[in-house]
Amino acid sequence: MAITAEAVKALREKTGAGMMECKAALTEANGDEAQAVEILRKKGVATASKKEGRVTAEGAVGSYIHMGGKVGVLVEVNCESDFVSRGDEFQQLVKDIAMHIAAADPHYLKRDEVPADIIAKEREILMDQLKNDPKNAGKPEDVLGKIIDGRLNKFYEEACLLDQPFVKDPSKTIGELVTEKVASIKENISVRRFSRFKMGEGLQKKQDD
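Now for a description of the structure that goes with this document. What you see is a predicted model; the values in this text were computed from it and never measured. Position numbers for residues start from 1 in each chain and track the written sequence from start to end. Given that the model is predicted, a residue must reach a pLDDT of at least 70 before its local features are reported, and side-chain atom pairs must reach 80 or more before they are shown or counted; all residues, however, enter totals for whole chains, interfaces and linings. In computing side-chain values, all of the structure's heavy atoms are included and hydrogens and water are not.

**Some details on the pattern of salt bridges**
Item 1. Counted as salt bridges are all cases of a side-chain nitrogen of Lys or Arg within 4 Å of a carboxyl oxygen of Asp or Glu. Enumeration over the complete set of coordinates arrives at 12 salt bridges.
Item 2. The salt bridge involving Glu76 is made with Arg192; its shortest N-O contact spans 3.4 Å. Of this pair, Glu76 sits in strand β2 (residues 71-79) while Arg192 sits in strand β5 (residues 190-198), placing them 116 residues apart in sequence.
Item 3. Where Arg86 meets Asp82, a salt bridge forms, and the shortest distance between an N and an O atom there is 2.8 Å.
Item 4. The class of Arg86 is exposed, set by a relative accessible area of 56%. In this text, helices come from DSSP runs of H or I with a minimum length of four residues, and strands from runs of E with a minimum of two, each type numbered from the N-terminal end. The classification of residues rests on relative accessible area computed with a 1.4 Å probe and restricted to protein chains. Under 20% of the type maximum is buried, over 50% is exposed, and intermediate values are partly exposed.

So this is what it looks like as structure tokens:
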């Protein structure tokens, strides 16, 4: 089918890929934008994987203050060169990630940073929930275990920054957003660490009589 310039432009704006890459992906996907996005992401992952071993010693610390000073975020995002770290595209990525952290409140950067005891407790809670549901009566433990694995993915999507759907475009995760930028900027990029501060968090407010 014929691929229109408007479709190519829309895909480029959504993915940040080049015009020729977008047209080729749409052609391969027979005009299906969602499938074209998947094709580009797979190619982006392939491009990013070649850069994963490169040292990311440059970068920037970004900040975001939200809700009239009630929530603040600091995030460190690394890249390979000082030139890229000062570029508009990289700086925008840092700002977007800081804003996302303020809105989505991730507790961990990635899955392997979640403590083992937290995962074990989550599995225990999910197993109890399944066993208390009459629909699961008689199901073997291994089947219930697979159901739990699926539900744990939801836990990771809520708790881990790189697994969270990007608040400005929920069709991609923060991890996929970073991968797209690796493909676009042509340098390895990694989110190293972040801190999120919420005014009064952990303090007990004084109760008026």
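**Notes on the environment of Leu126**
Item 1. Along the chain, Leu126 falls in helix α6 (residues 116-131).
Item 2. The spacing of Leu126 and Arg151 is 25 residues in sequence and 8.0 Å in space, taken between C-alpha atoms.
Item 3. Contact definition: two residues touch when any of their heavy atoms are within 4.5 Å. For Leu126, the contacting residues outside a window of four places in its chain are Ile148, Arg151 and Leu152.

**Side note on helix α2 (residues 19-28)**
Item 1. If you check which residues of α2 are buried, you get Cys22, Ala25 and Leu26. Buried residues along α2 cover an arc of 100° about the axis, so they all sit on one side. The outward face of α2, more than 90 degrees from its buried face, is lined by the exposed residues Met20 and Glu28.
Item 2. Note on α2: the residue one or two positions beyond its end, Asn30, has a positive phi of about 55°. When we speak of the arc, we mean the arc of directions from the helix axis to the C-beta atoms.

**Side note on the nonpolar core**
A general trend in soluble globular proteins is that nonpolar side chains are found buried together.
Item 1. In this structure, Val75, Phe90, Ile97, Leu161 and Ile189 are the most contacted members of the largest nonpolar core, which totals 26 residues.
Item 2. For this core, the elements supplying multiple residues, two or more each, are β2, α5 (88-104), α8 (174-185) and β5.
Item 3. Ranked by residues supplied to this core, first place goes to α5 with 8 residues.
Item 4. Excluding anything up to four places from it in sequence, Ile189 contacts Thr56, Val77, Asn78, Cys79, Phe90, Leu93, Val178, Lys181 and Val182.
Item 5. Here the nonpolar core consists of buried residues drawn from Ala, Val, Leu, Ile, Met, Phe, Trp, Tyr and Cys, with membership extended through side-chain atoms lying within 4.5 Å. Ranked by size, the runner-up nonpolar core spans 13 residues in total, among them Val114, Leu144, Ile148 and Tyr156.

**Some thoughts on α5**
Each full turn of the α-helix corresponds to 3.6 residues, which orients residues three or four apart in the same direction.
Item 1. Multiplying one less than the number of residues by 1.5 Å gives the expected span of a helix. Between its first and last C-alpha atoms α5 spans 24 Å; for 17 residues at 1.5 Å apiece the expected length is 24 Å, and the two agree.
Item 2. Among the residues making up α5, those that are buried are Phe90, Leu93, Val94, Asp96, Ile97, Ala98, Met99, His100, Ile101 and Ala102.
Item 3. Packing partners of the buried residues in α5 comprise β1 (58-66), β2, α4 (82-85), β3 (165-166), α8 and β5.
Item 4. In the segment just after α5, Asp105 is the residue with positive phi, at about 50°.

**Remarks on a nonpolar patch on the surface**
Item 1. A grouping of Val61, Leu74 and Phe197 is seen on the molecular surface, where their side chains present a nonpolar patch of about 310 Å² in accessible area.
Item 2. Residue position: Val61 is located in strand β1.
Item 3. Looking at Val61, the relative accessible area reads 60%, which means it is exposed. Any residue with relative accessible area above 30% and no salt bridge may belong to a patch, with like charges joined within 9 Å and the nonpolar Val, Leu, Ile, Met, Phe, Trp and Tyr side chains within 5 Å. Only the protein chains shown count as cover for residues, with accessible areas throughout obtained via the Shrake-Rupley method and a probe of 1.4 Å.

**Topic: the sheet that holds β2**
Item 1. Judged by pairing direction, the sheet is antiparallel, and its 3 strands sit side by side in the order β1-β2-β5 without closing on themselves. Single-partner strands in this sheet number two, and they are β1 and β5. For this sheet the average axis-to-axis angle between neighbouring strands, irrespective of direction, equals 10°.
Item 2. Two strands are counted as paired when DSSP detects at least two bridges linking them. Across 8 bridges, β2 lies against β5 in antiparallel orientation. Each residue of the ladder has a partner; that of Glu76, found in β5, is Arg193.
Item 3. The strands that α5 touches are β1, β2 and β5; relative to β2, the one it contacts most, it runs at about 140°. In this analysis an axis means a line fitted to C-alpha atoms, helices contributing only their contacting stretch, and an angle means the value between N-to-C directions, from 0 to 180 degrees.

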